[in-house]
Structure formats: structure tokens, C-alpha cells
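Each chain is listed here by its residues.
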Amino acid sequence: MDHLQISTDPTLLGADLPESLTTSPSVSTFLPEEDASTCLLLPGTPSPPLDFTHPLTPSMGNVENCENIAGDDPAAETSSSGSSGIGMGGGCTSGAGNLFNNHNEYQHLRKKSDGKMQENGMANGTMNIALTKDMPSFVHWDWPLIRKCTFFVFLAGIIAMVAIVVTMIATLPKSCNPSVPWYKGSVFYEVFPASFQDTNDDGLGDIRGLIGRADYFQTLGIGAVRLNSIFPSAHYPDRFQEVTSLTAIDEVLGKVEDLQKFAAVLHERNISLILDLPIYPFVTHLNPPSLDVDHLPNRTSGSDTPTSEFLRLARSVNGGQENDITNVLMFWLAKGGVDGFYIKGLEQFSEDPLLLENIKEWKYTLGGDRVLIVSKSFIDKVPEAIVRDVLNQVDLVDVLLDVANGTEAIASTVRDAIDGTLLKGVDHPWVHWSLGGVNERRLSSGMNSNVTLAATLMQLMLPGTSSIFYGDEIALAEVHDPNEEHKETQHLHHLPVMTWSGNQNQFTGRGTLPWLPKSAAASYHHLDIVQEMIELRKRSPSIYLNAVVKEGQILPNAEVKSSKNDIMVIQRWYPRRNSFASITNFGTKNVSLDLTAMFYSGEIVAGASMVKERVYFQKFNVGSLETVVVRLHK
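What counts, and at which threshold
- Residues numbered from 1 in each chain as written.
- Predicted model: local features only at pLDDT ≥ 70, side-chain atom pairs only at ≥ 80, totals over all residues.
- Heavy atoms only, no water.
- Helix = DSSP H or I, 4+ residues; strand = E, 2+ residues; numbered from the N terminus.
- Buried < 20%, exposed > 50% of the residue type's maximum accessible area, 1.4 Å probe, protein only.
- Contact = heavy atoms within 4.5 Å.
- Areas by Shrake-Rupley, 256 points an atom, 1.4 Å probe, with all protein chains shown as cover.
- Core = buried A, V, L, I, M, F, W, Y, C linked by side-chain atoms within 4.5 Å.
- Pairing = 2+ DSSP bridges.
- Axes fitted to C-alpha atoms, helices over the stretch in contact; angles between N-to-C directions.
- Expected span 1.5 Å × (residues − 1).
- pLDDT = per-residue confidence, 0-100.

Under an unreviewed UniProt entry, the protein has the name Glycosyl hydrolase family 13 catalytic domain-containing protein and belongs to Aedes albopictus.

This part takes up the overall build of the protein. A count of helices and strands for the protein gives 19 helices and 21 strands. A total of 634 residues make up the protein; the buried ones form 45% of that total. Taking all contacts inside the protein whose residues are at least 6 apart in sequence as the whole, residues at least 24 apart take part in 70%. Summed over its atoms, the accessible surface of the protein is roughly 33400 Å², and 53% of this surface lies on carbon and sulfur atoms.

Before going further, it helps to spend a moment on the nonpolar core. For soluble globular proteins, nonpolar side chains are generally found buried alongside one another. Formed by 96 residues in total, the largest nonpolar core has its most connected members in Tyr-189, Phe-196, Phe-217, Leu-227, Phe-262, Trp-332 and Phe-341. Beyond its immediate sequence surroundings of up to four residues, Phe-341 is in contact with Ile-274, Leu-275, Leu-277, Leu-329, Trp-332, Leu-333, Leu-366, Val-371, Leu-372 and Ile-373. Ranked by size, the runner-up nonpolar core spans 22 residues in total, among them Val-399, Ala-558, Met-568 and Ile-570.

For the rest of this paragraph, the subject is the sheet that holds strand β14 (residues 558–564). Backbone-to-backbone hydrogen bonds pair the strands of a sheet. The strands run either parallel or antiparallel. An order of β14-β15-β16-β21-β18-β19 is seen for the six strands of this open sheet, with the pairing classed as antiparallel. The sheet is open, and its two borders are formed by β14 and β19 (614–616), each paired with just one other strand. Strand-to-strand, the axes of this sheet are offset by a mean angle of 30°, without reference to chain direction. In terms of strand pairing, strand β15 (residues 567–572) meets strand β16 (residues 580–585) through six bridges, oriented antiparallel. Following the sheet pairing, Gln-571 is matched in β16 by Ala-581. Where helix α16 (residues 407–419) meets the sheet, it contacts β14 and β15, and its direction lies at approximately 160° from that of β14. The sheet strands contacting helix α18 (residues 526–538) are β16, β18 (601–607) and β21 (626–632), and the helix crosses β18 at an angle near 125°.

On to helix α10 (residues 256–268), then. Because an α-helix packs 3.6 residues into every turn, residues spaced three or four apart end up facing the same way. When the terminal C-alpha atoms of α10 are compared, their 19 Å separation across 13 residues agrees well with the 18 Å that a helix rising 1.5 Å per residue should span. Among all positions of α10, only Val-256, Asp-258, Leu-259, Phe-262, Ala-263, Val-265 and Leu-266 are buried. Considering only its buried residues, α10 is in contact with α8 (207–212), α9 (214–220), β5 (224–227), β6 (272–278) and α12 (325–335). Two residues or fewer past α10, Asn-270 is found with a positive phi of approximately 60°.

On average, the protein scores 79 in pLDDT, and the residues at 70 or more come to 72%. When the elements of the protein are averaged for pLDDT, helix α5 (residues 74–78) gives the smallest value, 43, and β5 the largest, 98. Predicted confidence is poor over residues 10–15, with pLDDT under 50, and the contacts of this stretch with residues over four places away or in other chains come to four contacts. In the predicted structure, residues 17–43 sits below a pLDDT of 50 and forms 20 contacts with residues beyond four places in sequence or in another chain.

Glancing now at α16. When the terminal C-alpha atoms of α16 are compared, their 18 Å separation across 13 residues agrees well with the 18 Å that a helix rising 1.5 Å per residue should span. Of the surrounding elements, those touching the buried residues of α16 are β10 (430–434), α17 (450–460), β14 and β15.

Take a look at the structure:
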């Protein structure tokens, strides 16, 4: 017994103690009070539970496991009297050491194969983790599988996002050009049906022939087909202008059902159908309108819903009402699938007191998406008091460019149209440009066929909507009748039958025509040039738009730069888009021009030569009867 009354008898302690520990009082590092409170073997002092651990000592399990560890490690038996011993009195010192041992620190993260599940827990190496009902459920989850699934879901999300971005980029429009209604800036194609395509070999064209050429219209790139003179007459086509009905089709051309089918075929190709209505002299006066026209919206409302309501409320068409233009419009809207009308002969009604009311009713009948066309000669005759109200109801105003009058006359007509006050209002119509028609001679009459190509390219550079008369795309010439075998139809010689190149079916299988000579000259190589110019126009707002709208103001985007000595220069532009210029030589000689005061350089994009090269304007060469279109360099 020492002075603390602790037995040092080795037999009582059950262990061989060093001699110094049994004889020297200095072996204890505790004060007397501490010895009395912490010594496990002090008589009269309750012993703490075997699993007691000091608050500062990490728990490593029960005492039994500690004894097992100590028994396995001989070093543990001789190192228990280390330097400090603070906080190590209860529990297992070797367990505390193992907690910070590098080899045992992450034993609980071993693979599932390193240990086996037991009834009361999970054994991993030398450490048992007891599983109790209070343990969270996620401990039992299959985390390796969860990690794999999460990775693949994340990877799939990345791939999906990349695919979406690629799809969005691939489907982006090639251009962001300003959108306009279908008839604005488009190219119309005017056809005389009796001269286009014959399907029954009677020597006269018909509606079914037009249906068979629908692919040609699509290839040409036009936006609408305009049919003139389809109505019955006493001697069609000799006297096609002397119509006897506006609600029927001449039997030579076919039936109303044929026109319906033709409209459907065109619509499948995103092409519209327009009819010319020659109302005079079939109609001699205008009837009072059926609606209260003072309360009708103007054409800019853009709504097409009033049309069906109007068709329901309006009078039905019968034989006694064919001279009522409103009824005629309703008939063709219901029967023919027509997308617009060019009302001809209105010049004879310019002083009619019911003119404005009728035009309002006509436009209301058509709705916002169908087009109403009138001629510039009619607008010029309308009284000044109502001319602006008339323009508010009209969509297109047809302006004829007479090439035979010379360059100065053409330039004057263009300037009056694009700079005139009548056509510059927000609610005012666009210009519809024409070079020919059923009442005009062919462009190449008495001249080289190249003049037709030069004039057509020049026209396609103008702001607004352009119209090509059938055959002008191939410079179709007038009928050549030197022996005067068809002198009685001389008034129709400017309406020759259409000719087709290559192995295409010709106009008819008949050997001779009953009303015209069959032969007519054509330049088929012009077709590719015209097609390319139409495509350039469709994708270039600098060309197809008729103005620049900026902060409520309408500013011109076209200018006739020069029109002297048979040379005509037109410039087109639009903000943040390419600018273009066309140089036309209507003279009979090749010229070399110095245009550096206007332009510096550019690239030829359309013309007779079709040479895509950089050009400078110091010595700019233009051939006789040629138009060259240049994309200007800024």
C-alpha cells in the first residue's frame, strides 16, 4: 500500500507493474483530489461504466473491442504510461490512437466486399457499425448505382441542350428581311390564256393548258398569275374585249370548275390568282352600294373577317345583276378562289357620283388579304376632292412604262411615281409596274430582242410590284406575217402563242393556227437571267421595298441618278442592307462611262454578260440595249 492507500500488490492489480510505479509517489500526474475522483480502483468510490469515455476523447466503440485491440497490439501495453495521459483515464487509449491512424482513418469507406453484413450491423474490416431503426433510410441506398445514374442523366441533359442549340441555329432564317403583304414587292405574270397552252389541239389555249404549266410559273419565281380576257365574247378571241358576261368563262377556255382547279394548283405552289375585270362597256353605270359605306373600315384594317359576313348578307348573283360589280366580285370569290382583281375601264366612271362609295364596298368585299388594282390613268382623272379617299381603298396602282418614248420619258414616269405626293402616304397603295399588256405592242417591235431583257431588268429594279407580260422573259416577238395571211387578226399580232424551248411540248399539236401564224422568234437564253434577277429581288429589301419607314416618316429608297443620252442609272438602298445600282443603255452603241461621281466600285450580280466580277466605275462599259445590275461596295 502506498500513501494513497492504493494497493501495489501485483496480484491485486492483475498486471506486472514497473517498480517505479509502485514505489515512487511522483508517478501520478494528478492532484490528490483528482486521484480520488478519477481512479477506477479507489475503494468506496463508485466505478464508472465500462463504456465511459472522456468528453474530449472520440468514441471508438465498447471496451470489449478496445481489449481486443490492445491484446493484438503489444505496443499498447507498454505505452499506456505515456507523457500526459490527460483524458485517457476512461475508455481505451489504443482506440483513440487508432482513430488518428492513417491506415484506419477511412475504414468505414471500404468496399462492400471487404466486410459482410451481420444480423446486428455491418462489419467493415476491424470496425463494426451497428444498424439501428433510428438510422436514416438513405444509409441503405445503393449509392454506387445512384452515382452512375446521376452521371448519365447529367450527360444526357448536356447532349440534349447541345442538340437544341444546334437545331435552333440550323432552323434560323437565312435573312431577317422586313415582311410585307404578299402582293407588295412581288412579281406578277400576266397571261393571255388563248395564247399560252392548248390541250385539245383546237389551236386555242385553255385553262387546262395553264394548269399543265403550273411548274413553269413556280420555276420562274413569280408571286401571282394575272389572267386577262377569260370572259365570253361573240367571237373569242378575235373580239375578246367585247365581253357578254362577267360571271362566266368562254367555252373555248373551259369552265368555271377549271378555273377553280387552276387556283388550287397555284395555291399549292404559293402563287396567287388575279383576274382582270374589263367592266366597260359591259357596265354603263355604277349601282348604289348595298352597305352603309360611311362606316366601313378602309383597306388598311387588314382583317378578312368582314368578307364572309358581307357574303351572307349581300344579294345573290343572278342574271339581272351581272352589271353590279360587287356581285361579280362575290361570285368569283365564292367560285374561283381568286385572290384579287384588276378593274379596268374605271376611267369612264371617274365623274360618277357613286364612284367612291362603290370602291369602298369593293374593297370591303375583298377583305384585307385580297388585292384591288386600278390604273394610274384612272387616278389621274379622279376629282381632287376624293382622290386621297380613293387611294386609301386601293392596293396597287398600275403604271405603264413606255420604252418607245425614250429614256427621258421613262425617267420622268418613274420619278413621278416614286416622288409624287399621291403614292407616298402610309395608307396609300404601292406602284404596279407594267411594260406591256393586251393593249400594247411587244417591246421588241421593230427593235433588237435585247431591248426586252434590258427593259425587264430595269423594271425589276424599281420599288413596288413588277409585272411581266407572258413571253417577255424570253423576248417573244410579235407575229411575223409577211404574206398577210392573217391580216384580219392583225390587232392580235402582239399576242403570239407561247413558244417553249428544248423537248417541251409546244403550244399545240395542230399544224396551223386558225387565227394567227404559228411562228414567233424568241431568245430562250434570257430566261435564266430574268429568273436570277427575280430571285435577287425577292431576297433584297433594298429592291423590293418602296420606301424606308423611320420614326413615322416615309423616306424614299430609290433615285434615278441619271437619264441622259439613252443612259439610265437607278440606285436602290435600305438601312443595314446592300445597295444596288442598275445602269441601262437604251442606245444602239456600246458606251464607256465615268460614274465615279456616283459610285466607286461594286460587283456585277445580273445582266446580259452575267460576269460576277469586281468592277470600278471610272471606265464602266455597257453594251447596246443592255442593263447591268451592280451590288455596290460601301
